[in-house]
Structures are given as C-alpha cells and as structure tokens.
Amino acid sequence: MKKHKIDLSRFGVIIAWIILIIVFAINNPAFLRSSNIFTILRQASIVGVCSVGMTFVILTGGMDLSVGSVIGVGCVGGAQMLSSGVPIPVAVLVILLMGAAAGTFNALMINQLGIAPIIMTLGTMTAMRGIAYLLCGGFAVYGIPESYKVIGQGYLGPIPVPVIIMAICFAFGWFILNRLNFGREIYGIGGNVEASRLTGVNVKKTIFKVYALAGTLYALAGLMLMARVNSGQPSSGEGYEMDVITGVVLGGVSINGGEGSILGVVVGVLLMSTLTNGMVLMDISEFWQKFVKGVVLILAVSLDRIVQKSKEKAV
Amino acid sequence: MDNEILKLEHVTKKYPGVVALDDVSIGFREGEVHAIAGENGAGKSTLIKIITGAVEATSGSLFYNGQELRNNTPEKTLNMGIAAIYQEFNLFPALTIAENIFHGRYPKKHGMIDRKTMMQEADKILQDLGINIKASEQVKNLSVGYQQLVEIAKSVTRDVKVLIMDEPSAPLTEVEVGHLFEIVERLKKRGVTIIYISHRLEEIFTICDRVSVFRDGKYIQTMDVSDTNVNELICIMVNRELGQQYPAKDYTKGEKVLEIRDLCTDLLDHVSLEAYRGEILGLAGLVGAGRTETARALFGADRYKQGEILINGESVRINSPSEGISHGIGLIPEDRKKEGLVLKLPIRHNISFAHLNAIKRGGIINMEKDREASERYIGQLAIKTPSCEQLAGQLSGGNQQKVVLAKWLFRDSDILIFDEPTRGIDVGAKQEIYRLMVDLVRQGKVLIMISSEMPELIGMSDRILVMHNGKVMGELQKEEFSQERILTLASGIEEDYSGENAG
Ligand SMILES: Nc1ncnc2c1ncn2[C@@H]1O[C@H](COP(=O)(O)OP(=O)(O)OP(=O)(O)O)[C@@H](O)[C@H]1O
Ligand SMILES: [Mg+2]
C-alpha cells in the first residue's frame, strides 16, 4: 500500500526549475542568497494569489481573463477609499466584495446564458479596465496611509507579508481541493459535467462559487499590489492574466479541466518568478526576457509530455 | 481451413502495475467466427487494440496474411481490411448517422460530398439492419443501444476481411441481437473473419465456430464450440465453482413507496407505475421503448411535461438529480462513460462522489474513510485494479461498470434504479451483483431494474412492466413471465387488456 504518492507527471517542470536555479546560481552567486530568495517569493506573491483562483476556474474547464482588470479596479477603488479616510478594514472588505461580485456576474452569464467563459471574461476584462480608468479619470491615486503598506511591503520576521499571504492562499486552495466536497465537485465538473450532475452535484451553484471565489482572490491581489506600489494606478494588473494562466498551465493544470493540483501550480508560479528574477540579475534585456519566458513555457510543457509518454510505455 | 489470416506470437502488454496480456500466442482462421471469452480485465479488449494498432504491445509480434505487421496504426490496419467495433464508441456525436457511417469515404459528385446519395444509402443500410431511425439524426441524440447499432452499420458497410466486435451486443435487446446475428451470418458467407467478444455466453454458442479463453492476461485454450458447453466454458473462464445463477429469494410485497402517474415527456406517453418495498420491478422493452427515459424523468435528470410522482404517498416535484437524490432515489445510468464516471479521476473519488458526507470527519473529507469505502467495494465487487488510486479510465469496461455500481451502493438510496446494471460484466461478477440486489431488497429497498437481457430480467424481477414506444403495454406477474409474452408486448403487437395497470 503506497501512502505517499509522488506525482511523477510533474517531473518535467520540477526538473526545468532545478536546472534554472543551477544555471542562475553558477552565473551569479548572489542568486541563492536568502534575501534574493525572498525577493523571488515576494515577486511571485501577487500572481501566486491569483493563480489559486485561476486553478479553480480552469479545473472546472473554464477560463477567466478578468484577473488583471479586477486587480486594476481593486487598486484604484481601494486607493480612493483609503485616501479619503475610509477605515482600512472597510475598504478591504468593499474591494473583496467587488471582486466576488465581478466573479458572480461572470458566473451568472456563463451559467444562465451559456456564454463561453473565455468570451464572457474577455468582456468583463475590458469593461472592468474601463471602470478602473473611469474611477480616477486616468490619474493615479495617492495618499494611502502608512499603516496600510504592511500588506505589500511589511515583514514578519524575515518573511515578507505578501509571501505569507500567498502561502495562506495556496494552503487554502489545497485544503478546498483536497478536503472539501466543493473541491471534489470542482474536479468532477471539469472531468465530466454530466456524470457529476447525475451524481447530485449542483453544477451551477459550484460554478458560481468558483468564479466568486476567484474574483475575491484577484481583488485581494489588487489590494496587495496597491500596498506595494503605494498608489492606485489605473493600469495596474494589465497583462497579469497571461502570467497567471502561464503559471497555472505550467503547473500541470489541464486546460480541458479536471486535472491538476495546487502543488503543481506552486512550482509553476515559482518557476516563472525565478526565471524573471534570474534574468534581471543577468542583465538580460526585457525584450529577451519575454522571448525566453515563452520558450520556457513551451519547453517545460513538452518535457512534461515526454516524461508522461515514456512513463506510459515503460514499466 | 487451417489457413490463419491473423496470428499473434508471444504478445505481452504491460501497464503500470498491470500485466494486461502475458505472452499470448493465438491464431484466427480465415472465414471463422472466433469468440474470445474471459472475465472482466482478462485482457480481451487489450488484445483487440493491439491487433488494430490502437495500443502498442510491449513485446511480441503480429502476422496478417503471413506478413509481420510493424508499427501499425488503426488507420493502416483499416486500409488492410481489419476493422473493429470497440467497446467504447468511436462515433462523432455532432455528426449525423449518415456522416458517421460514411466518414472518410463520403460519396462524391463533382468533387463535392453528395449529401442526397449519402442520406439515401445510409437510410437503406439502416433499414437493412432493421434499425428504425432516420440517417439524418445526430448521433448525440441517440441512446446507447442505437449508437451501438450505428457502430455496427458503420463497419459492416466497409470492405473488410477481419471484423472485430468487442461486446457489440451489450446494449442491445433480443430483437436487435437477432439483427446483429443476421449481419454476422451474412459477413461470414462473404468470407469475412470475425472476432467476437461477449459476456453473454449463449451468443457464443449460437454464432461462433471456435472460442478462446483468456484468464488474467493469459491465453488458456481454444476449443471448437461444438466440443464444449456453457458450463465447461464458465469453468475454464473463472477457474472456480460458480453456484446458482440467480439467488433464491422470497417475494413479500411490502408497502407502496413509489407511484408515477401519467408521466409525459417528448418520448413518454402517460406512463404510470407503482413500486413496492421488498420487490424488484423489471422494466422490459426494446431499444427506444422509453425505459431509460422513465428512469431519468423520475430521478430528475430530464424534465417532464406532465404527470405526478408520489413517494410514500406524498406528491413531489423533482427538478434535478440532486433533488432526486435527496428524495432517496438513486439512478445507476446505462452509459458508464458519459453518465456514470469521471474517467480522469481515481476510483476512490468516483466511488465516494455521490456520498461525500459519508467520508467526512468533522466536516472535512477524511482520506482514511475515503480509502476504506473504496477498498470495501473493490473487494466486494472484485474490481480488478492495482489500487483505489487507479484512474477510472484505466480500468477494463466491466470493471468500470462495477465502479458505477459501487458508487450507488455506497450512496445507499432508498429507491434504486438499475439501468442495465450488468452490461459488460462477466458471469462470476454478475452473480455477485444479483446477490447484492437481493440483499438490498431484503433490507427493504425498492429496486427497479431495466435490462435488455431477457433471462436476467426474468430471473431477477418479481414483477415486469413491458414498454413500447413510450407507453406501458402491460404488466406481468412472476407466474406469467415468459420470453414470448414479453416480446409480443415489447414489439407493440398486442396490448395487454387485463387492465391491472389502469391505475
Ligand atoms: N490505459 C490503461 N492503463 C492501465 N491499465 C489498463 C489500461 N487499459 C487496460 N488496463 C488494464 O489491463 C487489464 C486488461 O484490460 P482489458 O480492457 O483488456 O480487459 P477486458 O478483458 O476487455 O475486460 P472487460 O470484460 O471488463 O471489458 C485490466 O486489468 C485493465 O485494468
Ligand atoms: Mg473489454
């Protein structure tokens, strides 16, 4: 009886990650300093928090492009409230609810009208970005109280606060997926909607919960980003959807739904962050960075496929 | 006569933790109908897939007309005249029946697909096969039985030399099986070699010339059908004694639990029925008679237009399967792949999926309890798997069916509808399932059984309702059961005027 199953199918990405670490470490010994490791983690934190929500969505066989724009509205709206003296807990709560509402709206249209998730969230992505600009008239919002910055810039001992938030979100995601009915329903729906429905799963309700939860997590990421840059920029979060989806897919979550784990996503997200950090340390130009990231995605995923194929054949 | 058209030598196929085929050597003679028999997971389907090239053997060689086939793919073998009807369907759900039949070789006119000719030809093929349905119908709207018939239509219209059929009769009722046999006869006359897999052993004795037995991935022996009999065959297959086929049970009709009054849907026409504690109610009918539709409407899987459902005397409206389940109803669906299982998930997840609250401790899913539950059913139903972590999609067909059963047994519903519960299940395991059903009845559950296998329906039911074309044609009490009686009612020739069912 094997109790601790090692998921070999994630080998490809883990190997790629280790190779990267070795390459960067040889190139620049500063790379492995604990301060740099925390930097990597801190840089991963916002994408990491979002990736938990995205993992849920993609596991159900869905897609959510509204990530970056929810972050944007969270940043601007949050900054406006805080700068006009709204108490921090109230502002945080309002922004989290905003995220949940955006997700609920997505789910409503997906459920009731059967709009494809990618199209629906493409719509909310664009509309919400508009809202972010409308809220502030296009100008960044400043005047955030000092005490709020902790969320983005503070430390708990040696560990940056955003890293702790990310870790909590990952743990929370793992717990939901592995220990609650909700998690089993998510996997079931992604694997076979009809069989899940006939097993008594309330598919629409589960979809609602998934998108609402995802939206809440994106809003949380927005609050973290606002604290980090100390302002509400209407463009903040732009393009994050791609980083988040890349991390999740790299982490082995099947785009068809029903397959993947949070642990894989942790590796996927950290790999991307390691790559960015290492390339910055190596003074690689931003143009090359983009190119390399794309190539790494393709390489890691192919390596994965190769490992999986040979695993099927071997024995 | 001894000219072997197809030959396998020392073929082995290994999967992680499973040896599906173990050093198998076997030959098929030109023009024979050759049956393959064996328990669930014996390796029958794997053998077929290796012949067609759908999976690659770990080692060993394959000869066709004396030539060794290397690196073969289903496409290559099809071009050489080897076609297969797989246990899993290979149809395009969004296309019409005609398009499926002619896929890849559409009739053309001026370089374009000639739809009219295609439809006409397809309609003619369907008619020849006694399939009462339009070729312009989309495959996804068909029941499993009809899909199977389309699968058969598809392969018989090709110019094949070897036709492999993996449990072609599983979703079919007697009448359609009759058509299938005619087709087999016709093909045999044309000199086609047929490899025939079935768990309905009588069929082997009706249409096959030779039978080969597999056990645990090993080839055991080949016999002339005329030299053996069902009992001997079973003995060789299971390698142990099997007792009485249908368990003895006494019938005490308890209180009425379920009543359906005048249920109407697009397919159902004022269906009424009653079910009692302590009995197994059988639903008989041909493919398309409306048995599955009745079950689905009752369970909440489909909406009904009109009618009333009473449970324990109370009128209820059931709008979704989750409501059906909370009213104590369970439906074991007929199509395990589409409706029964999440193939990408482990057996463990599938078994507990309908009853997650039962594997929780303190509101949290408990892995120990989860594992215990699946392991209990893996043992009880003899599900052949290396562990409960195996993905459902990696099990053999019959073992997948057992997982679906396990899921609903674990759910412990009060009213259980079994839609083709033993489809694809081997003789030994069938007995186990029958025994479990009788146990459930003894515990006071209400069982409704839909089955296309007449002997099973007669052997297990206490009362049978016969349906035809969405209507209940009549009700038979145990002493009235007979194949002829059921068939006449099922074919709609005669209505039962006894009036017991007036309801
Ligand atoms: N893709 C796979 N991965 C792992 N194991 C597999 C896979 N396909 C089949 N097996 C295993 O190989 C064995 C033989 O399976 P096979 O499908 O050939 O059985 P079968 O004789 O056709 O059974 P049935 O009567 O239930 O259809 C089974 O134990 C099954 O679990
Ligand atoms: Mg099989």
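Our subject is the structure listed above.
Residues numbered from 1 in each chain as written. Chains lettered and ligands numbered in written order. Predicted model: local features only at pLDDT ≥ 70, side-chain atom pairs only at ≥ 80, totals over all residues. Heavy atoms only, no water.

### Topic: the overall build of chain B
Counting its regular elements, chain B contains 17 helices and 24 strands. Relative to the 2.2 N^0.38 estimate, which gives 23 Å for 503 residues, the radius of gyration of chain B is 23 Å and therefore close to what a compact globule would have. With the principal axes as the frame, chain B shows a C-alpha extent of 70 × 55 × 45 Å. Residues counted as buried form 58% of the 503 residues belonging to chain B. Nonlocal contacts in chain B, meaning residues at least 24 apart in sequence, comprise 65% of its contacts between residues at least 6 apart. Taken as a whole, chain B presents about 20300 Å² of accessible surface, with 47% of it coming from carbon and sulfur. Computed over 61 positive and 73 negative side-chain charges, the separation of the two mean positions in chain B equals 5 Å. (Helix = DSSP H or I, 4+ residues; strand = E, 2+ residues; numbered from the N terminus. Rg over C-alpha atoms; globule rule 2.2 N^0.38 Å. Buried < 20%, exposed > 50% of the residue type's maximum accessible area, 1.4 Å probe, protein only. Contact = heavy atoms within 4.5 Å. Areas by Shrake-Rupley, 256 points an atom, 1.4 Å probe, with all protein chains shown as cover. Lys, Arg positive; Asp, Glu negative; His and termini not counted. Charge placed at Lys NZ, Arg CZ, Asp CG, Glu CD.)

### Digging into the pairing of strand S14 (residues 271-276) of chain B
In the case of a regular strand, side chains alternate between the two sheet surfaces. Residues and elements named next belong to chain B. Counted residue by residue, S14 has five buried out of six residues, so it is predominantly covered. Where strand S13 (residues 256-264) lies against S14, five bridges are found, and the strand directions are antiparallel. Of the residues in S14, the one forming a bridge with Leu263 is Val271. The turn joining S13 and S14, which pair antiparallel and follow one another in sequence, is formed by six residues; a positive phi near 50 degrees is taken by His270. (Pairing = 2+ DSSP bridges.)

### Some thoughts on the packing of aromatic side chains
This structure, assessed with the given rule, holds seven aromatic pairs over all chains. Note that B:Lys7 overlies the ring of B:Phe63, its terminal NZ or CZ placed 5.6 Å from the centroid. (Phe/Tyr/Trp six-rings, centres within 6.5 Å; stacked < 30°, edge-to-face > 60°. Lys NZ or Arg CZ within 6 Å of the ring centre and 35° of its normal.)

### Brief notes about the sheet that holds strand S3 (residues 33-38) of chain B
Residue and element names in this part refer to chain B. Taken in spatial order, the six strands line up as S6-S9-S10-S3-S11-S12 in an open sheet, and their pairing is mixed. Unpaired on one side and paired on the other, strand S6 (82-85) and strand S12 (218-224) mark the two borders of the sheet. Put simply, the sheet's adjacent strands are angled 20 degrees from each other on average, direction ignored. Here five bridges tie strand S9 (residues 162-166) to strand S10 (residues 193-197), and the two strands are oriented parallel to one another. Its bridge partner being in S10, Met165 is matched across the sheet by Tyr196. Of the strands in this sheet, S6 and S9 touch helix H5 (residues 144-156), which is tilted by about 175 degrees from S6. Across the sheet, helix H8 (residues 230-238) is in contact with S3, strand S11 (210-215) and S12; its angle to S11 comes to roughly 30 degrees. (Axes fitted to C-alpha atoms, helices over the stretch in contact; angles between N-to-C directions.)

### Quick look at a nonpolar patch on the surface
The grouping of A:Ile14, A:Ile18, A:Ile22 and A:Ile26 at the surface amounts to a nonpolar patch, some 370 Å² of accessible area in total. Within the secondary structure layout, A:Ile22 lies in helix H1 (residues 11-27). (Patch = residues over 30% accessible without salt bridge, like charges linked within 9 Å, V, L, I, M, F, W, Y side chains within 5 Å. Salt bridge = Lys/Arg side-chain N within 4 Å of Asp/Glu carboxyl O.)

### With respect to the sheet that holds strand S4 (residues 59-64) of chain B
All names here are of chain B. Ordered by their spatial adjacency, four strands build an open sheet running S2-S1-S4-S5, and the pairing between neighbours is antiparallel. The sheet is open, and its two edges are formed by strand S2 (18-29) and strand S5 (67-69), each paired on a single side. Here the average twist between neighbouring strands, direction ignored, is 25 degrees. Pairing analysis gives three bridges linking S4 to S5, with the strands arranged antiparallel. Residue pairing in the sheet places Leu62 in a bridge with Leu69 of S5. In this fold helix H1 (residues 44-52) packs onto strand S1 (4-15), S2 and S4, with an angle of close to 65 degrees to the strand it touches most, S2.

### Some details on the site of ligand 1
Residue and element names in this part refer to chain B. Near ligand 1 you find 22 residues, and of these Lys44, Ser45, Thr46, Ser396 and Gly398 are the closest. The contact in question runs from an oxygen atom of ligand 1 to an N or O atom on the side chain of Ser45, over 2.7 Å. One of the side-chain nitrogen or oxygen atoms of Ser396 is found 2.7 Å away from an oxygen atom of ligand 1. Alone, ligand 1 offers 640 Å² of accessible surface; in the complex the protein occludes 92% of this. When residues of the shell around ligand 1 are traced back to their parent elements, those giving at least two are S2, H1 and helix H14 (397-411). Along the lines of polarity and charge, the residues of the shell around ligand 1 split into five nonpolar, 13 polar and four charged. (Near = heavy atom within 4 Å. Polar contact = N/O pair within 3.5 Å; in protein donor to acceptor, adjacent residues only side chain to side chain. Nonpolar A, V, L, I, M, F, W, Y, C, P; charged D, E, K, R; others polar.)

### Looking at the nonpolar core
Of all hydrophobic cores here, the largest spans 159 residues; its most connected members are A:Ile71 and B:Leu258. Once you skip the residues sitting within four places of it in the chain, A:Ile71 turns out to touch A:Ile46, A:Cys50, A:Tyr218, A:Ala221, A:Gly222, A:Leu225, A:Ser236, A:Gly237 and A:Tyr240. With 54 residues, the next largest nonpolar core counts B:Ile85, B:Ile125, B:Leu172 and B:Val287 among its residues. (Core = buried A, V, L, I, M, F, W, Y, C linked by side-chain atoms within 4.5 Å.)

### Looking at the packing of helix H2 (residues 34-59) of chain A against helix H12 (residues 262-281) of chain A
Residue and element names in this part refer to chain A. Their axes nearest at 8 Å, the elements H2 and H12 cross at an angle of 140 degrees. The orientation of H2 relative to H12 falls into the category oblique. Note on packing geometry: the crossing formed by H2 with H12 is right-handed. Residues Asn36, Thr39, Ile40, Leu41, Gln43, Ala44, Val47, Gly48, Ser51, Val52 and Thr55 of H2 lie in contact with H12, whose contacting residues are Ile262, Val265, Val269, Leu270, Ser273, Thr274, Asn277 and Leu281. Residues of the contact of H2 with H12, tallied by class, amount to ten nonpolar, nine polar and no charged. (Parallel < 35°, antiparallel > 145°, perpendicular 65-115°, else oblique. Left-handed = near helix turned anticlockwise from the far one by under 90°.)

### Quick look at helix H11 (residues 240-250) of chain A
Residue and element names in this part refer to chain A. Of all the eleven residues making up H11, eight are buried; the element is thus mostly covered by neighbouring parts of the structure. Those residues of H11 not exposed but buried are Tyr240, Glu241, Val244, Ile245, Thr246, Gly247, Val248 and Leu250. Two residues or fewer past H11, Gly252 is found with a positive phi of approximately 90 degrees.

### Overview of the interface of chain B and chain A
Listed as interface residues are 39 residues of chain B and, on the opposing side, 30 residues of chain A. Summed over both partners, the interface of chain B with chain A comes to about 2700 Å²; 59% of that surface belongs to carbon and sulfur atoms. When the buried area of chain B at its contact with chain A is split by residue, B:Lys344, B:Phe353 and B:Ile365 rank highest and sum to 22% of it. Taken together, the links from chain B to chain A amount to two salt bridges. Ionic pairing is found between B:Arg296 and A:Glu194, a salt bridge with its closest N-O pair at 3.7 Å. The interface formed by chain B and chain A holds eleven residue pairs in polar contact (both at pLDDT 80 or more) in total. Of the residues that constitute the side of chain B that touches chain A, the class distribution is 17 nonpolar, eight polar and 14 charged. (Buried area = accessible area lost by both parts, 1.4 Å probe.)

In short, shape yes, function no, at least from these values alone.
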